[in-house]
Amino acid sequence: MTALADLLRKQIKATGPMTLAQYMSACLLHPKHGYYTTQDALGVDGDFTTAPEISQMFGELIGLCLAQSWMDQDAPDRFALVELGPGRGTLIADVMRATLQVPGFHAAAELHLVEASNRMRALQAAALPAHDPTWHDSAETLPEDIPVYVVANEFFDALPIRQFQRDPKGWREVMVGLSEDGGLQRGLSDPAPINALNSRLDDTVPGALIETCAHATAVVDALARRIAANGGMALFIDYGGWLSDGDTFQAVRAHRPVDPFAEPGRADLTAHVDFEALARAALIAGCAASQLTNQGVFLERLGITPRAQSLAKSLNGDALDAHVAAHRRLTHPDEMGSLFKVLGLYPVDESPPPGLDP
Ligand code: SAH
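Residues numbered from 1 in each chain as written. Predicted model: local features only at pLDDT ≥ 70, side-chain atom pairs only at ≥ 80, totals over all residues. Heavy atoms only, no water.

1. Quick word on the overall build of the chain
Spelled out, the test is: Each helix corresponds to a stretch of at least 4 residues labelled H or I by DSSP, and each strand to a stretch of at least 2 residues labelled E; elements are numbered beginning at the N terminus. Only C-alpha atoms enter the radius of gyration; for comparison, a globular chain is expected to reach 2.2 Å times N to the power 0.38, where N is the number of residues. For every residue, the accessible area obtained with a 1.4 Å probe (protein chains only) is divided by the maximum for its type, and the residue is called buried under 20%, exposed over 50%, and partly exposed between those limits. Any two residues having at least one pair of non-hydrogen atoms within 4.5 Å are treated as being in contact.
Helices and strands together make up the secondary structure of the chain, namely 13 helices and 17 strands. Here the C-alpha radius of gyration of the chain, 21 Å, is about what a compact globule of 358 residues would show, namely 21 Å. If one aligns the C-alpha atoms of the chain with their principal axes, the spans along those axes are about 65 × 45 × 35 Å. Expressed as a percentage of the 358 residues in the chain, the buried residues total 54%. Pairs at least 24 residues apart make up 75% of the contacts formed inside the chain by residues separated by at least 6 positions.

2. Comments concerning the site of the ligand
Operational definition: In these notes, residues near a molecule or strand are those with any non-hydrogen atom within 4 Å of it. Under the rule applied, a polar contact is a pair of N or O atoms within 3.5 Å (in protein, one hydrogen donor and one hydrogen acceptor; residues adjacent in sequence only if both atoms are side-chain atoms). In this description, accessible areas are obtained by the Shrake-Rupley approach with a 1.4 Å probe, and a residue is regarded as covered only by the protein chains that are shown. Residue classes follow a fixed rule: Ala, Val, Leu, Ile, Met, Phe, Trp, Tyr, Cys and Pro count as nonpolar, while Asp, Glu, Lys and Arg count as charged, and any other residue, Gly among them, counts as polar.
Taken together, 18 residues surround the ligand, and among them Thr50, Gly85, Gly87, Glu115 and Asn153 come closest. Separating an oxygen atom of the ligand from a side-chain N or O atom of glutamate 115 is a distance of 2.6 Å. One of the backbone N or O atoms of alanine 116 is found 3.3 Å from a nitrogen atom in the ligand. With the chains in place, 97% of the 570 Å² that the ligand exposes on its own is no longer accessible. When its residues are assigned to classes, the shell around the ligand shows nine nonpolar, six polar and three charged.

3. With respect to the sheet that holds strand 12 (residues 256-258)
Quick reminder of the rule: In this scheme, strands are said to pair when DSSP sees at least two bridges between them. Lines are fitted to the C-alpha atoms to define the axes, a helix being fitted only along its stretch in contact, and any angle between axes, read from their N-to-C directions, falls within 0 to 180 degrees.
Overall, antiparallel pairing links the three strands, which are arranged 12-11-13 in an open sheet. This sheet does not close on itself; its edge strands, each paired only once, are strand 12 and strand 13 (268-270). Recorded for the sheet is a direction-independent mean angle of 40° between the axes of neighbouring strands.

4. Describing helix 12 (residues 304-312)
This is how the line gets drawn: The arc in question is the one spanned by the directions pointing from the helix axis to the C-beta atoms.
Looking only at helix 12, the buried set comprises Ile304, Ala308 and Leu311. Buried residues of helix 12, seen end-on, are gathered within an arc of 65° and therefore sit on one face of the element. Structural note: helix 12 exposes Pro306 and Gln309 on the side pointing more than 90 degrees away from its buried face. Summarising the contacts, the buried residues of helix 12 are in contact with helix 5 (56-72), helix 11 (295-301) and helix 13 (317-331).

5. A word on the packing of aromatic side chains
To keep it simple, the criterion reads: Classification of ring pairs rests on two measures: the distance between centres of Phe, Tyr or Trp rings, Trp counted by its six-membered ring, which must be within 6.5 Å, and the angle between planes, read as stacked under 30 degrees, edge-to-face over 60 and tilted in between.
Applying the stated criterion to the full structure yields 10 aromatic pairs. Centroid distance tryptophan 70 to phenylalanine 105: 5.2 Å. Interplanar angle 85°. Geometry classified as edge-to-face. A residue pair is termed long-range when its members are at least 10 positions apart, and tryptophan 70 in helix 5 and phenylalanine 105 in helix 7 (residues 105-108) qualify at 35 residues. The class for tryptophan 70 is buried, based on a relative accessible area of 2%. Between the aromatic rings of phenylalanine 79 and tyrosine 149, the centroid separation amounts to 5.2 Å while the plane-to-plane angle is 75°, which identifies the pairing as edge-to-face. Placement of phenylalanine 79 in strand 2 (residues 79-84) and of tyrosine 149 in strand 5 (residues 148-153) is noted, with a sequence separation of 70 residues between them. Take phenylalanine 79 and tyrosine 149: they sit in the same class, and that class is buried. Feature note: the residues Trp70, Phe79, Phe105 and Tyr149 constitute an aromatic cluster, connected by ring pairs.

6. A closer look at the nonpolar core
What counts here: We define the nonpolar core as a collection of buried residues of types Ala, Val, Leu, Ile, Met, Phe, Trp, Tyr and Cys that are connected through side-chain atoms lying within 4.5 Å of one another.
The biggest cluster of nonpolar side chains holds 63 residues, and the ones touching the most others in it are Tyr23, Leu84, Phe156, Phe236, Leu278 and Leu345. Of the residues forming this core, the biggest block, seven residues, is contributed by helix 9 (residues 214-230). Ignoring sequence-local partners within four residues, the contact set of phenylalanine 156 consists of Leu84, Ala216, Val219, Val220, Phe236, Asp238, Val273 and Leu278. Counting 43 residues, the second largest nonpolar core, distinct from the first, contains Ala51, Trp70, Met96 and Tyr149.

7. With respect to the environment of glutamine 56
Within the secondary structure, glutamine 56 is located in helix 5. Separated by 39 residues in sequence, glutamine 56 and valine 95 place their C-alpha atoms 9.2 Å apart. Aside from chain neighbours lying at most four places away, what touches glutamine 56 is Asp94, Arg97, Arg307 and Leu311.

8. Thoughts on the environment of phenylalanine 79
Residue classification places phenylalanine 79 among the buried residues on the basis of a relative accessible area of 0%. Linking phenylalanine 79 and glutamate 276, residues 197 residues apart in sequence, is a C-alpha distance of 28 Å.

9. Here we look at the pattern of salt bridges
The criterion, for reference: Here, a salt bridge means any side-chain nitrogen of Lys or Arg that lies within 4 Å of a carboxyl oxygen of Asp or Glu.
Applying the stated criterion across every chain, the model contains 19 salt bridges. Across the salt bridge formed by arginine 97 and glutamate 60, the nearest N and O atoms sit 3.3 Å from each other. Of the two residues, arginine 97 is situated in helix 6 (residues 90-98) and glutamate 60 in helix 5; the sequence distance between them amounts to 37 residues. On the basis of relative accessible area, glutamate 60 is assigned to the buried category, the value being 5%. Residue arginine 301 pairs with aspartate 357 through a salt bridge whose shortest N-O separation is 3.3 Å. With arginine 301 in helix 11 and aspartate 357 in the segment after strand 17 (340-346), the pair connects residues that are 56 residues apart, well separated along the chain. Residue classification places arginine 301 among the partly exposed positions, given a relative accessible area of 44%. What makes aspartate 357 partly exposed here is its relative accessible area of 34%. One salt-bridge network, held together by shared partners, links Glu60, Asp94, Arg97 and Arg307.

As structure tokens, this is what we get:
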């Protein structure tokens, strides 16, 4: 039993079952017991490995995509370079290194990082010794008077979701309550109509389960309003699909799936990203959204294979094998290549970021 489990049980006893979003927020970001506030989440020794931790090529290609897009929009002499949920700072450090040779890019860039965990902020500061980032708790406080160029890798999957099960009488919400013996347990609320879910009545049948993420649409709205007003772009890279369909809530600890209710605060909790909801929020805010593109296709279009070949020239033995495996892992459809998708946002009168289709 974790300290957080005890707190959550007391809270549920006092005020009744909580939504999955409340549970997820507490597990991930509780100031004393949350997963991102207390654990070394990322990397080989952590609970999961992300694309920038697999190979420097990922951040390099994202950096070139950001820089090319900045040049395509006439190289504004001041802009915000933004990462959402930078983890250990590996991606943004690779972006900065890869763009060093792009004339004017570093001089024009102001680095802004959106990060909720102080522990993660310290890792990011250490990864960026030569830069002076400004940290934000939320996308709402990002600059509103300059273009924003944004990247978010495995950020949206960490945001709290709610789950609703279709019922002949409306929807039942998945709630976290207490079992007979006092443990945390998943349950369902009484059915009721929910106007905000009316658009899903046509494509679901009773019994179907869908997920919503209000936090994600709020973040996209904040970014898309800025891109529509001042220019820039955003790249969202994550696992997920088009239109939420079914239960994707999962917990991972030490690279293995575990019961999400067993040890709150000790496992990473995520859900697949509903890119349709992100694209819709962007369009409503006046921004264009690209076609949803597989990560493997996106990275190939940006030139990962020639980059991999050029890096391979200075490698041999185990290092070469690891490098070849990393290339495959990032791009192959049986690995991350098609599970992970990329969505780009851009101003309606500009072309999409390199590697993505309008
Ligand atoms: N992008 C990194 C890390 C992904 S892990 C990579 O690819 O390696 C998710 C990151 O998002 C962590 O840095 C975590 O602390 C941060 N995070 C999670 N929820 C957040 C929230 N609600 N607001 C801001 N940052 C959050």
